[in-house]
Amino acid sequence: MIDNPVLRIIAKIIIPMILLFALYVQFHGDYGPGGGFQAGVIFAAGFILYGLVFGTEALRSAIPPGVLRLLIAVGLLLFAGVGVVTMLAGSDYLAYNALAQDPLAGQHLGILAVEFGVGITVSAVMITIFLAFAGRNDP
Amino acid sequence: MIAGLYNYWIVILLMMTGFYVVISSGNLVKKIIGLNLFQASVFILYISIGKIANGHVPILQEGVSNYSNPLPHVLILTAIVVGVSTTALGLALVVRIRETYDSVEEEEIHRQDESL
Amino acid sequence: MLIEVINIVLLALLAVTAIAAVRLHDLFAVAMMFGIYSLLAAVMFVLLDAVDVAFTEAAVGMGISTVLMLGTIGLVGRHERASAHRSLLPLAVVVATGVALIYGTLDMPFFGDPDAPVHQHVAPFYISESPSQTGVPNVVTSILASYRGYDTLGELAVIFTAGVGVLGLLGLRRRKRPGKEGPHDDR
């Protein structure tokens, strides 16, 4: 597919927009529709489009599989780690009120951190799954 | 009664269509697609239950008091992403079955594997 | 009134797409039908006030699921072999299950009924307390990340496990360099 100039140029134009939109959805999820699950999937869709148009080799050099495997665990650990931090702060597991002086600020911080963890794991898992399927027949 | 319930009935029809694909097709990939159809229909059923007539999207704003029920939205939101992960796991199994038996047709696999 | 008309048209299109997916034997076409079905479901979710869910369904169902199915079809072949014997048993099972489920709906509160039991218990609490307890206007986010944080952590663990499972089954194979074989091959 790399020979098709229309596909290549359009992909190059829209992939940055998809990634930017994913970040918007990620961090604006408190106020509008969105959140970690949606953002993670959209972010992964940007990379998958790159992989479809430019080939899985290009995708592998853009985001190495080793890094992806690390990110799968990092997101889940970030989520679980927020719970440990709230416990160390003297409250219950995942009770975000303890994260800051003001309970509302604590909730806000906690929700952002947790959603970020969700986004990392979801996008890394989706890209990994795509690479596993699409790279199966590579020489 | 028909006006109040036809929505659920059509969703049940959709669910049964997915179910039919799962139990009648011998092709493993088509079975998984059928399972996904079934799953998407269950999502529609859940979200239908959460709908309130003339309700609003559950994002709080001034001057609005009747919001649709946000709880089914949360459950289904996570279920969709979990669903695609488990679908991927199923498809990965299908790929491995194909590499071992050189077929994704149930009858052919049963024929080769006499223990079944 | 307009909402009802859109609702009926969408449900009819969903039914047509699903039935087309049953009747087709080219798996590529079946996967495309599934993509269309997901997109219609996403539109349906917008109509039912579930914008967050619509978002996810459009990205996952239309995008990632369909790509994965196409990837699999590319690996296993795109034609379904017509079944040698076609019994009426699956149809009978499906009809019986469907009739039982429809019988179950007869007791259900009507579609859109604000007095349905499901709207009486925890949802009003979330909607009224979420601004003062979490300060987040999107109630779906506040329930997802805060009120039901344990639940979401569990779901994330399921996604993690599924990702590890796919890696275990298919592996991320490295590029083979000529003359430099790794100590163990993934296959």
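Calculation criteria
- Residues numbered from 1 in each chain as written.
- Chains lettered and ligands numbered in written order.
- Predicted model: local features only at pLDDT ≥ 70, side-chain atom pairs only at ≥ 80, totals over all residues.
- Heavy atoms only, no water.
- Phe/Tyr/Trp six-rings, centres within 6.5 Å; stacked < 30°, edge-to-face > 60°.
- Helix = DSSP H or I, 4+ residues; strand = E, 2+ residues; numbered from the N terminus.
- Buried < 20%, exposed > 50% of the residue type's maximum accessible area, 1.4 Å probe, protein only.
- Contact = heavy atoms within 4.5 Å.
- Salt bridge = Lys/Arg side-chain N within 4 Å of Asp/Glu carboxyl O.
- Expected span 1.5 Å × (residues − 1).
- Bend = angle between axes of the 7 residues up to and from the residue.
- Polar contact = N/O pair within 3.5 Å; in protein donor to acceptor, adjacent residues only side chain to side chain.
- Buried area = accessible area lost by both parts, 1.4 Å probe.
- pLDDT = per-residue confidence, 0-100.
- Nonpolar A, V, L, I, M, F, W, Y, C, P; charged D, E, K, R; others polar.

**A closer look at the packing of aromatic side chains**
Ring pairs (aromatic) are described by centroid distance and by the angle formed between their planes.
Point 1. Throughout the structure, instances matching the rule amount to 11 aromatic pairs over all chains.
Point 2. Geometrically, the ring pair formed by Y50 of chain A and F54 of chain A is tilted, given 4.9 Å between the ring centres and 35 degrees between the ring planes. In this pair, Y50 of chain A and F54 of chain A are both assigned in helix α2 (residues 36-54), four residues apart and thus about one turn of the helix distant.
Point 3. Y50 of chain A sits in the partly exposed class, given a relative accessible area of 26%.
Point 4. Where F125 of chain C meets Y147 of chain C, the ring centres are 6.2 Å apart and the plane angle is 65 degrees; that geometry is what we call edge-to-face.

**Section: the environment of F55 of chain C**
Point 1. The residue F55 of chain C is located in helix α3 (residues 51-76) in this model.
Point 2. A C-alpha to C-alpha distance of 22 Å links F55 of chain C and E4 of chain C, two positions 51 residues apart in sequence.
Point 3. In this structure, F55 of chain C is in contact with F21, V25, P33, G34, Q38 and I42 of chain A, ignoring residues within four places of it in sequence.

**A closer look at the pattern of salt bridges**
Point 1. Under the criterion given, the structure shown has 10 salt bridges over all chains.
Point 2. The residue D49 of chain C makes a salt bridge to K51 of chain B at a minimum N-O spacing of 3.1 Å. Highlighted residues: D49 of chain C in the loop between α2 (27-47) and α3 and K51 of chain B in the loop between α2 (28-50) and α3 (70-101), drawn from two different chains. In this pair, the class of D49 of chain C matches that of K51 of chain B, namely buried.
Point 3. Across the salt bridge formed by D102 of chain B and R98 of chain B, the nearest N and O atoms sit 3.9 Å from each other.
Point 4. For R98 of chain B, a relative accessible area of 27% puts it in the partly exposed group.
Point 5. Three or more residues joined by partner-sharing salt bridges are found here, namely R136 of chain A together with R96 and E99 of chain B.

**Thoughts on unusual backbone geometry**
Point 1. Backbone geometry at L94 of chain A places phi at a positive 65 degrees, although glycine is not the residue there.
Point 2. Within the element layout of this structure, L94 of chain A appears in the loop between α4 (65-88) and α5 (103-134).
Point 3. With a phi angle near 60 degrees, D102 of chain B is a residue other than glycine that sits in the positive phi range.
Point 4. The residue D102 of chain B is located in the loop between α3 and α4 (106-112) in this model.

**Regarding helix α6 (residues 139-147) of chain C**
Residues separated by three or four positions in an α-helix point in the same direction, a consequence of the helix having 3.6 residues per turn.
Point 1. Counting buried positions over the nine residues of α6 of chain C gives eight, a clear majority of the element.
Point 2. Of the positions making up α6 of chain C, those classed as buried are V139, V140, T141, S142, I143, L144, A145 and S146 of chain C.

**Examining helix α1 (residues 5-27) of chain A**
Residues and elements named next belong to chain A.
Point 1. In this model, α1 (23 residues) spans 34 Å end to end at C-alpha, consistent with the 33 Å of a helix rising 1.5 Å per residue.
Point 2. Where α1 bends most, the angle comes to about 25 degrees, and this point is I14, followed within four residues by the proline P16.
Point 3. Residues of α1 that are buried: A11, I15, L19, A22, V25 and Q26.
Point 4. Two or three places before V6, at the opening of α1, N4 has a side-chain oxygen 3.1 Å from that residue's backbone nitrogen.

**Some points on the interface of chain C and chain B**
Point 1. In this assembly, 85 residues from chain C lie in contact with 76 residues from chain B.
Point 2. With both chains or domains summed, chain C and chain B bury close to 7,500 Å², and 77% of this area falls on carbon and sulfur atoms.
Point 3. The largest per-residue losses of area from chain C upon contact with chain B belong to D49, F111 and L169 of chain C, which jointly make up 9% of the total buried on that side.
Point 4. Applying the counting rule to chain C against chain B returns two salt bridges.
Point 5. Run the count over chain C and chain B and you get 18 residue pairs in polar contact (both at pLDDT 80 or more).
Point 6. If one sorts the elements of the side of chain C that touches chain B by residue count, α3 of chain C sits on top with 14 residues.

**Side note on the confidence of the model for chain B**
Point 1. Averaged over all residues, the pLDDT of chain B equals 90, while 98% of them reach at least 70.
Point 2. Here α4 of chain B is the element of chain B with the lowest mean pLDDT, 87, and α2 of chain B is the one with the highest, 93.

**Some details on the interface of chain A and chain B**
Point 1. Of the residues lining the interface, 11 residues belong to chain A; the matching set on chain B comes to 12 residues.
Point 2. For the pair chain A and chain B, the summed buried surface comes to about 850 Å²; carbon and sulfur atoms form 80% of the total.
Point 3. Looking only at chain A, the three residues that lose the most surface to chain B are F37, F133 and R136 of chain A, adding up to 55% of its buried area.
Point 4. Counting across the chain A and chain B interface gives one salt bridge.
Point 5. We note a salt bridge from R136 of chain A to E99 of chain B, for which the minimum N-O separation is 2.7 Å.
Point 6. Applying the counting criterion to the chain A and chain B interface returns one residue pair in polar contact (both at pLDDT 80 or more).
Point 7. For the side of chain A that touches chain B, the secondary structure elements donating two or more residues are α2 and α5 of chain A.
Point 8. It is α5 of chain A that provides the largest number of residues to the side of chain A that touches chain B, a total of four residues.
Point 9. Classifying every residue of the side of chain A that touches chain B gives eight nonpolar, two polar and one charged.

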